[in-house]
Amino acid sequence: MSVSHTLLALLERGPRHGYDLKQEFDAQFGQDRPLHYGQVYATLARLLKNGLVEVDAVEHGGGPERKRYAITAAGVSDVEGWLSRPERPDLYLNSTLYTKVVLALLTGRDAATILDVQRAAHLDLMRELTRRKTRGDLADALICDHAIFHLEADLRWLELTGSRLDRLADEVRR
Amino acid sequence: MTGEAPRPSTGQAPLLSARDLRKTYGPTTALDGVSLDVRPGEIVAVMGPSGSGKSTLMHCLAGIVRPDSGELRYRDRDLITASDAERSALRRSEFGFVFQFGQLVPELTCLENVALPLRMEGVRRKEAERRAAHWLDRLDVSDVAGQRPGQVSGGQGQRVAVARALVTDPAVVFADEPTGALDSLNGELVMRLLTECVEQSETAVVLVTHEPSVAAYSHREVVVRDGRIRTSAGLSR
């Protein structure tokens, strides 16, 4: 999963401090692996350097100063590009696709289109493997079948998620 | 990895052309403004969950069901205004059908089943059976020619059904979940033989399936959801 794109997309909902961003990330996506604070601030520093976020406000309290970050126009277009690009169909779908779907729902984008684009990419690879299978020997066919069955599992997940988008939207926006 | 699959030219005039098809059954909207072109030699997979409208779409394209509104043409013929007799004649002479459970006539032998569409078109028995035997051979089921459907395996029966669909040299084959009742190995064999046979002709295939591994034999897919077609470019009307 791309942590920097995910943090950027979460910022699209409104400016946040690094602490709040980490809390929100962990609540939505960090069930198994919460982010370290160090990773959040290092990522924000990089995004700042690349002009994708800006410091929106600095609070001087009793302790160290707290910066509030906001996404820039370049940041929004970076998120847009990332969400609309299909992930490279992998043998095991990682959590990136789930993250993209949730972020699309949170930022008011069309999550169904993300699933459509990914399905097309998966089916294109399945076509390629099916053609290879019919031309190759048995060993090659078995290797292709293994990949095809895994891609098929991903496609079933895409289909099922597509049918549950309304419910998922209700849950993540709660 | 291999290169791109040879795709039929998109410059060719479509065999089937549907525009803004709508169909309701009582309070249920089965098709809600579907547009689709099918060109010669093209294998188009129609995918979607149960109840999405994919079978209704196939039945409309095949002239089995008349849409409530929209435009639907096969070559230069208007399928919406065509009479039932005209549509029926078209289905016999221009279209071939493969269903999930073969739907062979149980009283006839496999050879007679394959010859049946030709006999209904007035072809003499000897010639019809000669051509039927050729297609049983192409589908590698010559050995069951004299047996009745109840005596052959599911995979063999489905290959006989494919032979019956192709025997009239149709312009379009409509295949509705053609491997739905088969195991992986037999399903794969049916799809491989079907696609090999149509690749050598200009026959188009409209392949209704919810199985991605079957859709992978197509040149392109359209996904029907809630009576509409979705593409990777989003909702298409």
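Computed from a predicted model, the values in this text were never measured in an experiment. (Residues numbered from 1 in each chain as written. Chains lettered and ligands numbered in written order. Predicted model: local features only at pLDDT ≥ 70, side-chain atom pairs only at ≥ 80, totals over all residues.)

Draft legend 1. View of the overall build of chain B. Within chain B, the secondary structure is distributed over seven helices and eleven strands. The C-alpha radius of gyration computed for chain B amounts to 18 Å, which stays within 12% of the reference 18 Å derived for 237 residues, consistent with globular compactness. Taken along the three principal axes of its C-alpha coordinates, chain B extends 50 × 50 × 35 Å. When each of the 237 residues of chain B is scored for burial, the buried share is 44%. In chain B, of all internal contacts separated by at least 6 residues, the share reaching a separation of at least 24 is 72%. (Helix = DSSP H or I, 4+ residues; strand = E, 2+ residues; numbered from the N terminus. Rg over C-alpha atoms; globule rule 2.2 N^0.38 Å. Buried ≥ 20, exposed ≤ 12 C-beta atoms within 10 Å, placed from the backbone. Contact = placed C-beta atoms within 7 Å.)

Draft legend 2. Just the interface of chain B and chain A, in detail. Taken together, the contact pairs 15 residues of chain B with 18 residues of chain A. Of all the elements in the fold, those that place two or more residues in the side of chain B that touches chain A are helix H7 (212-215) and strand S10 (228-231) of chain B. With three residues, H7 of chain B is the largest single contributor of residues to the side of chain B that touches chain A. Residue classes in the side of chain B that touches chain A are distributed as seven nonpolar, five polar and three charged. (Nonpolar A, V, L, I, M, F, W, Y, C, P; charged D, E, K, R; others polar.)

Draft legend 3. The arrangement of the pairing of strand S8 (residues 204-208) of chain B in detail. All names here are of chain B. Counting buried positions along S8 gives five out of five residues, so the element sits mostly inside the fold. Every second residue of S8 is oriented toward a common face, with Ala-204, Val-206 and Val-208 on one face and Val-205 and Leu-207 on the other, all of them buried. As paired elements, strand S3 (residues 43-47) and S8 share four bridges and run parallel to each other. Residue Val-46 lies in a different strand from S8, and its bridge partner there is Val-208. (Pairing = 2+ DSSP bridges.)

Draft legend 4. Up close: the sheet that holds strand S3 (residues 66-71) of chain A. Residue and element names in this part refer to chain A. Strand order in the open sheet made by the three strands is S1-S3-S2, with antiparallel pairing throughout. Looking along the sheet, the strands with just one partner apiece sit at the ends: strand S1 (16-17) and strand S2 (53-59). Of the strand pairs in this sheet, S2 and S3 are connected by six bridges, and their pairing is antiparallel. Each bridged residue has a counterpart across the sheet, and for Val-58 the counterpart in S3 is Lys-67.

Draft legend 5. Region of interest: the environment of Arg-91 of chain B. All names here are of chain B. With respect to the secondary-structure elements, Arg-91 resides in helix H2 (residues 84-93). Taking C-alpha positions, Arg-91 is 10.0 Å from Val-173, a pair spaced 82 residues apart along the chain. Excluding anything up to four places from it in sequence, Arg-91 contacts Ala-62 and Gly-63.

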